[in-house]
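Residue strings, one per chain:
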Amino acid sequence: MVESASAPKLKFAIVGSGPSGFYAAEALFKRVPNSEVDMFDRLPTPFGLVRAGVAPDHPKLKQVIAVYDKIARTPGFRFVGNVEVGTDVTVEDLRASYHAAIFAYGASTDRRLGIPGEDLAGSHTATEFVGWYNGHPDYRDRTFDFSAERAVVIGQGNVAADVARILALPANDLMRTDIAEHAIAPLAESRIREICIVGRRGPAQAKFTSVELKELGHVPDCGATVEPADLELGAACLAELGEKANDEGRKNVELFKSFAAAIPNAHRRTIRFRFCEMPVRIRGDSRVEALVLAKSRLEGAPFAQVARARDEHVELPCGLVFRSVGYRGLPLPGLEYDERAGVVRNAKGRCLAGGVPLTGAYVTGWIKRGPTGLIGTNRADSLDTVESILTDLPHLNQGPRPGIEAIASKLRLRPVCTVDYPAWKVIDAAERERGRPKGKPREKFTRISDMLALVESAVPVD
Ligand code: NAP
């Protein structure tokens, strides 16, 4: 769209600076003339899960940051880091100060299994482990005991694949990545020999994308294995694999077959896939000693098969359990929350209150649709939300709004500063500099206080 100098400035707030937030900003700049975007983040650093979720040995996936960096350089864009919406600023503040606010704050917690022993020492969520090795400030002080020979990962999605791969990789393969410094020595000293990845359903229902699954068969000094009997599939599974669109399912099952057929070699580590086993209990006196699983059978029509526990239990001795059964979005005061789905109640990205759209409030990304899809999935999702805004624009009060001025006067009451995009670039440059002598792309700052000390000494902010 062509910008018109006479058109009023339309001010938008975006909450969250992960992929969905940046794609929403991109869509606003492309589709709404004269728009200004203030992007808020709880952390002083942008990029959400691209920085703190994508595994350190997947640098290509992080190249998308160059796209976000370009969006951030668009005139009218402002990054407002180190501001927590819900605490420092309310949803109401944003709705009152901007023409519209788009909430793109993701799904920052994990689903619970709801089984006894879930909170024993040695039982962790995937989020904790991923946050720890990626240097997320919330998780940098977590500790993990890698002294046992077996770790179990519950769940068979791409997060489980990341967790298993980081546990399996030789430390040498991690040292030159952007993995947090504090994670290298504990992982290098790890005595884990076997990593079991347990699914409650069968190989045809595993949620790994085939690229990620294939990678698990190529971890240096590590064998991937499957019991051949687990690959004997029932009629409904065969029907699923026969479905033309189910390319990923077919590829996954072929990969599992190749793992089952591989001649066992003397590897340092083994990744073992186990199927049709449901976690029942995590057993241990003061810390994890074993995972108790109920054998399951699949019931239901193709693509709707669910796991039903059988009356047969197995006990898997282990010292570490990672629960990787999906993320969950958190509620934000001022927005109606769908407890069952773990998302903000919405229709095509319009936040709903009592079933009707809440004026000036929109959502995108995982807090809109749930924690599914790859980074790129968020582009179409955010465009869809911006289309809803475009439709609503004629009905929105387009009179002047104070935008950041109103918010800044509230933020000035806090003892800490905000971090804008130039200040983030100072952090970014310092991280790269710290990584250089170690051959790492960057050495992340993992404490917010260190980041703020750096930017306060380097540039005036706020
Ligand atoms: P996911 O793909 O939804 O996988 C969750 C897994 O947990 C499934 O195997 C699920 O089994 C299992 N599960 C759920 N509840 C369970 C329970 N009560 N007991 C036992 N198992 C249970 O979620 P994710 O791995 O967290 O990934 C989230 C999204 O991020 C996905 O779209 C993923 O592709 C994406 N991601 C991508 C990458 C990448 O591209 N490299 C990396 C990380 C994440 P059922 O199928 O039976 O429900």
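Just so we're clear, the structure is a prediction, and the values are computed from it rather than from any experiment.

J.: Can you break down the site of the ligand residue by residue, with the values?
T.: The ligand sits among 21 residues. The nearest are Q156, R200, R201, E212 and G373. Taking R200, its side chain carries an N or O atom lying 2.8 Å from an oxygen atom of the ligand. A distance of 2.8 Å separates an oxygen atom of the ligand from a polar side-chain atom of R201. In the complex, 84% of the free accessible area of the ligand, which totals 920 Å², lies under the protein chains. By residue number, the principal contributor to the shell around the ligand is helix 7 (residues 158-168), which donates 3 residues. Class assignment of the residues belonging to the shell around the ligand gives a composition of 8 nonpolar, 8 polar and 5 charged. When residues of the shell around the ligand are assigned to domains, at least three fall in each of domain 1 (10-108 + 329-419) and domain 2 (112-326).

J.: Can you lay out the domain arrangement of the protein for me, pointing to particular residues and giving the numbers?
T.: Under the domain assignment, the protein is made up of domain 1 (10-108 + 329-419) and domain 2 (112-326). Taking only C-alpha atoms, the centre of domain 1 and the centre of domain 2 are 33 Å apart. Where domain 1 meets domain 2, there are 3 salt bridges. Here D57 makes a salt bridge to R165, at a shortest N to O gap of 2.7 Å. Across the contact surface, domain 1 and domain 2 share 8 residue pairs in polar contact (both at pLDDT 80 or more). For the side of domain 1 that touches domain 2, the residue count by class is 6 nonpolar, 3 polar and 4 charged.

J.: Explain the pairing of strand 2 (residues 35-41) to me, and be specific about the residues and the numbers.
T.: The element strand 2 is largely enclosed, with a buried count of 6 among its 7 residues. Alignment of strand 1 (residues 10-15) against strand 2, held across 6 bridges, turns out to be parallel. Each residue of the ladder has a partner; that of V15, found in strand 2, is F40.

J.: With reference to specific residues and values, describe the pattern of salt bridges.
T.: Side chains that differ in sign of charge can pair as their charged atoms come close. For the structure on display, the rule yields 50 salt bridges. With a shortest N-O distance of 3.0 Å, R142 and E128 are connected by a salt bridge. With a gap of 14 residues between them, R142 in the loop between helix 6 (126-133) and strand 7 (150-154) and E128 in helix 6 connect regions that are remote in the sequence. Here R142 falls in the partly exposed class, since its relative accessible area comes to 33%.

J.: Account for helix 9 (residues 181-188), naming residues and giving values.
T.: Taken together, the buried positions of helix 9 are A183, I184 and L187. End-on, the buried residues of helix 9 take up no more than an arc of 110°, which puts them together on one face. On its buried face, helix 9 is in contact with helix 6, helix 7, helix 8 (171-174) and strand 10 (269-274).

J.: Describe the sheet that holds strand 1, with residues and values.
T.: As summarised here, the arrangement of the 7 strands in space is 3-2-1-4-20-19-18, forming an open sheet in which the pairing is mixed. Of all strands in the sheet, those bounded by a partner on one side alone are strand 3 (77-81) and strand 18 (346-347).

J.: Break down the pairing of strand 19 (residues 350-353) for me, citing the residues and quoting the values.
T.: The sheet contact formed by strand 18 and strand 19 spans 2 bridges and is antiparallel. Along strand 19, the bridge assignment pairs A347 with R350. Between strand 18 and the antiparallel strand that follows it, strand 19, lie 2 residues; K348 among them carries a positive phi value of about 50°. Bridge count between strand 19 and strand 20 (residues 356-363): 3 bridges; the pairing is antiparallel. For R350, the partnering residue across the bridge sits in strand 20 and is Y362. Between strand 19 and strand 20, which pair antiparallel in sequence order, lie 2 residues; one of them, G354, sits at a positive phi of approximately 60°.

J.: Kindly report on helix 1 (residues 19-31), identifying the contributing residues and their values.
T.: Since there are 3.6 residues in each turn of an α-helix, residues three or four apart along the chain are aligned in direction. Look at helix 1: 18 Å from first C-alpha to last across 13 residues, which is about the 18 Å you get at 1.5 Å a residue. With 11 of its 13 residues buried, helix 1 lies for the most part within the structure. Of the positions making up helix 1, those classed as buried are P19, S20, G21, F22, Y23, A24, A25, E26, A27, L28 and F29.

J.: I'd love a proper account of the nonpolar core, names of residues and values included.
T.: Grouped together as the largest cluster of nonpolar side chains are 44 residues, with contacts concentrated most on F129, F256 and F273. Top contributing element to this core by residue count: helix 7, with 7 residues. With 41 residues, the next largest nonpolar core counts L10, F12, L28 and A104 among its residues.

J.: So what about the packing of aromatic side chains? Which residues, and what values?
T.: Evaluated as defined, the whole model comprises 24 aromatic pairs. Consider the rings of W132 and F144, whose centres lie 4.9 Å apart with planes at 55°: the pair is tilted. Taken as a pair, W132 in helix 6 and F144 in the loop between helix 6 and strand 7 lie far apart in primary sequence, 12 residues in all. A relative accessible area of 9% means that F144 is categorised as buried. On the numbers, 5.1 Å between centres and 80° between planes, the contact of F256 with F275 is edge-to-face. Taken together, the residues F256 in helix 12 (residues 247-261) and F275 in the loop between strand 10 and strand 11 (277-283) connect sequence positions 19 residues apart. Its relative accessible area of 0% is what places F256 among the buried residues. Overall, F275 belongs to the buried group, its relative accessible area being 4%. Taken together, the ring pairs connect F22, Y23, F47, Y68, F77, F79, Y421 and W424 into an aromatic cluster. Seen from the ring of F445, R434 lies directly overhead, with NZ or CZ sitting 4.0 Å from the centre.

Parameters at a glance
- Residues numbered from 1 in each chain as written.
- Predicted model: local features only at pLDDT ≥ 70, side-chain atom pairs only at ≥ 80, totals over all residues.
- Heavy atoms only, no water.
- Near = heavy atom within 4 Å.
- Polar contact = N/O pair within 3.5 Å; in protein donor to acceptor, adjacent residues only side chain to side chain.
- Areas by Shrake-Rupley, 256 points an atom, 1.4 Å probe, with all protein chains shown as cover.
- Helix = DSSP H or I, 4+ residues; strand = E, 2+ residues; numbered from the N terminus.
- Nonpolar A, V, L, I, M, F, W, Y, C, P; charged D, E, K, R; others polar.
- Domains from an automatic or database assignment.
- Salt bridge = Lys/Arg side-chain N within 4 Å of Asp/Glu carboxyl O.
- Buried < 20%, exposed > 50% of the residue type's maximum accessible area, 1.4 Å probe, protein only.
- Pairing = 2+ DSSP bridges.
- Arc of directions from axis to C-beta.
- Contact = heavy atoms within 4.5 Å.
- Expected span 1.5 Å × (residues − 1).
- Core = buried A, V, L, I, M, F, W, Y, C linked by side-chain atoms within 4.5 Å.
- Phe/Tyr/Trp six-rings, centres within 6.5 Å; stacked < 30°, edge-to-face > 60°.
- Lys NZ or Arg CZ within 6 Å of the ring centre and 35° of its normal.

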